[in-house]
Each structure stands twice: as C-alpha cells, then as structure tokens.
Amino acid sequence: CLSTVERSLLGARSATIVANHPVTRTTSVNTRGETFQSEQCKYSCTRASSLKIHMLVHSGEKPFSCTECKNSFSQAVGLKQHMLVHSGEKPFKCKQCDYSCTQAGHLKSHMYVHSGEKPFSCKQCDFSCSRSSSLETHTFLHSGKKPFSCKDCNYSCTTSGSLKSHERVHSGNG
C-alpha cells in the first residue's frame, strides 16, 4: 500500500501502475521489520511501497514529467534533480575553486582535479583516470568498439565529440 505522500507524488494513474508491480517479501528481518528485495537487481528496502516505486526503474515507466521540457523520469528524485537544469541552480560548490554543479557525484569527480587521484584503472594496460566514463572510452581502444556512427556515411568512432566533429564534413561547417 502506498503512503499518501507517495500516491500524491505519483498521481492516480502512476500509483495504480506501481501498486500492480510484484513484490518479493524476503524472510530476513532487520531492526525495523521485514525487508523487501527486487527480483531484478540488488536493491532492498524495509517498505513494500518503496520497492514498488523502485520497480519503475525496471519497467520503463516514467510517470514524473518535466513541465519545462519533454524529459520524464521513473522516480520523483530524478525529476527534482533535473529541474535544477532549468532553474540554473548549482547547489554543490567546490571549496577550492569556482566550480559548482547540480549533482553531488559530479562534485566528487571534480575533486580529483585537485587531489590528482586517478581511481579508475585499465585492466589491460597502465592507463588510469579520474572518471569512469573516460575509462570506458579508453577500453574501446582495446576492444575496437566504435559505438558512435555517422548517419550519413560509414564513419564510426569512440566518442560523441569525434562524431560531432565529423558531422561538420556533411553539413558544410567543417
């Protein structure tokens, strides 16, 4: 059963969709009572209603829509975070420089600039970096994978930036 707050956040249609998702009750009990485990990932919680809301991530249902643009989200927290894009608010600020951002995780990644730490390492060579996305792009060098493809020719590459540069050839701006 969804709480009044969860039902109001979801809206009637979405709350009905959430309420109809299967919930697996585990036999383990924590200090607050039963725990509920997702059958599709490692997520667990102490409230069935929280698990039902989490299950929207797996169903593809995105009942939380931005009123400013066409983006939608599976959870209210995603919409709340997204709205910072429209407001221009950047509540996470670096104490060592003027950098600010909308997400705590982005600030944590930024702090590697100051510390010099490179916690992401390639398993196939001695490359290391401060961002997981940079490591993912680097691994394409070893695998030969080129996930970005031009819609106008057979060109493919490892980064979206390289594809954007290439596309200028076709648009006459390159």
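Since the structure is predicted, the reported quantities are computational estimates derived from the model, not experimental observations.

K.L.:
Tell me about the overall build of the protein chain, residues and numbers included.
P.N.:
Secondary structure summary: the protein chain contains eight helices and eleven strands in total. Here the protein chain, with 174 residues, has 25% of them falling under the buried criterion. A separation threshold of at least 6 residues defines the contact pool for the protein chain, and within that pool the share at least 24 residues apart is 15%. For the protein chain, the exposed surface amounts to about 11,900 Å²; the carbon and sulfur share of it is 50%.

K.L.:
Please set out the pattern of salt bridges residue by residue, giving values where relevant.
P.N.:
Taken as a whole, this structure holds one salt bridge when the rule is applied. Between D152 and K151 there is a salt bridge, with its nearest N and O atoms 3.8 Å apart. On the accessibility criterion, K151 (70% relative accessible area) is exposed.

K.L.:
I'd love a proper account of helix α6 (residues 104–115), names of residues and values included.
P.N.:
With twelve residues, α6 should reach 16 Å at 1.5 Å per residue; the first-to-last C-alpha distance of 17 Å fits that figure. Regarding α6, the residues found buried are L107, H110 and Y112. On its buried side, α6 packs onto β6 (92–93), β7 (100–101) and β8 (120–121).

K.L.:
How would you summarise the environment of Y112 if you had to cite specific residues and measurements?
P.N.:
By the element assignment, Y112 lies in helix α6. Distance in space between the C-alpha atoms of Y112 and R131 is 8.8 Å, their sequence separation being 19 residues. Setting aside chain neighbours within four positions, we find Y112 in contact with E117, P119, F120 and S130.

K.L.:
I'd like a rundown of helix α8 (residues 160–171), residues and numbers included.
P.N.:
In this model α8 runs 16 Å from its N-terminal to its C-terminal C-alpha over twelve residues, within 8% of the 16 Å that 1.5 Å per residue would give. Backbone geometry just after α8 places G172 at a positive phi near 85°.

K.L.:
Can you lay out the environment of A104 for me, pointing to particular residues and giving the numbers?
P.N.:
With respect to the helices and strands, A104 occurs in helix α6. Here A104 falls in the partly exposed class, since its relative accessible area comes to 46%. When the C-alpha atoms of A104 and K93 are compared, they prove to be 9.1 Å apart, with eleven residues separating the residues in sequence.

K.L.:
Could you give me a rundown of the environment of C153, with the residues and numbers involved?
P.N.:
Its place among the elements puts C153 in the loop between β10 (148–149) and β11 (156–157). Taking the relative accessible area as the measure of exposure, C153 reaches 31% and is therefore partly exposed. Every residue in contact with C153, bar those within four places of it in the chain, is listed here: H166 and H170.

K.L.:
Any chance you could break down the state of the cysteines for me, citing the residues and the numbers?
P.N.:
With the rule as written, the count across this model stands at zero disulfides. C66 provides the cysteine sulfur closest to C69, a residue in no disulfide bond, and the two sulfurs are 3.7 Å apart.

K.L.:
Run through the confidence of the model for the protein chain, naming residues and quoting values.
P.N.:
Averaged over the protein chain, the pLDDT score is 82; the fraction of residues at 70 or greater is 80%. Taken element by element, the protein chain is modelled with least confidence in strand β1 (residues 24–30), mean pLDDT 42, and with most confidence in β6, mean pLDDT 96. Confidence over residues 1–30 falls short of pLDDT 50; this stretch has 53 contacts with residues more than four positions distant or in other chains.

Each value, and the rule that gives it
Residues numbered from 1 in each chain as written. Predicted model: local features only at pLDDT ≥ 70, side-chain atom pairs only at ≥ 80, totals over all residues. Heavy atoms only, no water. Helix = DSSP H or I, 4+ residues; strand = E, 2+ residues; numbered from the N terminus. Buried < 20%, exposed > 50% of the residue type's maximum accessible area, 1.4 Å probe, protein only. Contact = heavy atoms within 4.5 Å. Areas by Shrake-Rupley, 256 points an atom, 1.4 Å probe, with all protein chains shown as cover. Salt bridge = Lys/Arg side-chain N within 4 Å of Asp/Glu carboxyl O. Expected span 1.5 Å × (residues − 1). Disulfide = S-S within 2.5 Å. pLDDT = per-residue confidence, 0-100.

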